[in-house]
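Residues per chain are reported as follows:
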Amino acid sequence: FDDYKSYGDSETNDVSFVLDNDRNLISFSSRFDLRELDTNFIQNAFSIAKSLDCIALDSRENLFEPSLENLIKNAQKSNAADFLKDPKKFLDNLS
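Residues numbered from 1 in each chain as written. Predicted model: local features only at pLDDT ≥ 70, side-chain atom pairs only at ≥ 80, totals over all residues. Heavy atoms only, no water.

1. Describing the sheet that holds strand β3 (residues 25-31)
Quick note on the threshold: Whether two strands pair depends on DSSP finding at least two bridges between them. Counting from the N terminus, the helices are the DSSP runs of H or I reaching at least four residues and the strands are the DSSP runs of E reaching at least two. Convention adopted: a line fitted to C-alpha atoms gives each axis, helices being fitted over their contacting stretch, and angles between N-to-C directions are expressed from 0 to 180 degrees. For this analysis, residues touch if any pair of their heavy atoms sits within 4.5 Å.
Within the open sheet, the 3 strands sit side by side as β1-β2-β3. Their pairing is antiparallel. Only two strands of the sheet have a single partner each, and these edge strands are β1 (3-8) and β3. For this sheet, the mean inter-axis angle between neighbouring strands, taken without regard to orientation, is 10°. In terms of strand pairing, β1 meets strand β2 (residues 14-19) through 6 bridges, oriented antiparallel. In the strand pairing of β2, Lys5 is matched with Phe17. Lying over the sheet, helix α1 (residues 39-51) contacts β1, β2 and β3, oriented at roughly 25° with respect to β2.

2. Remarks on the layout of surface pockets
Put simply, the rule reads: Cavity and pocket criteria rest on a 1 Å grid covering protein atoms alone: a 1.4 Å probe that fits but cannot get out defines a cavity, protein on both sides within 12 Å along at least 5 of 7 lines defines an open pocket, and an atom within 4 Å of a point defines a lining residue. Grid points are joined across faces, edges and corners, and a volume is the space filled by probe spheres set on the points. Classes in brief: Ala, Val, Leu, Ile, Met, Phe, Trp, Tyr, Cys and Pro nonpolar; Asp, Glu, Lys and Arg charged; the others, Gly included, polar.
Looking at the largest pocket, its volume works out to about 710 Å³. Around the largest pocket, the lining comprises 29 residues; the ones closest to its centre are Phe32, Leu57, Asp58, Ser59 and Leu71. Those elements that place two or more of their residues in the lining of the largest pocket are β3, α1, β4 (56-57), α2 (68-75) and α3 (79-85). Of the residues belonging to the lining of the largest pocket, the class tally is 17 nonpolar, 6 polar and 6 charged.

All quantities given are derived from atomic positions and should not be read as evidence of function.
In structure tokens form, the structure reads like this:
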């Protein structure tokens, strides 16, 4: 049976791990609330990811090296950023 552990606040920033019965890492995921950047939390999560040889995957399925700089660059290309730039155009493109 897999062991699931989650740390942080699911409404803002959190990380979660899934371990198998032999305590091998199966999954590592994180979520960050970009409305109010908690750079310390993000840097700690990315430090863990790097130590596990993980790479980051954003909501558009772009892969990137886990760093605050790369996260900000990718966030600027996100659906949320597109919506904030031009809500009408974003909504028109959905249909």
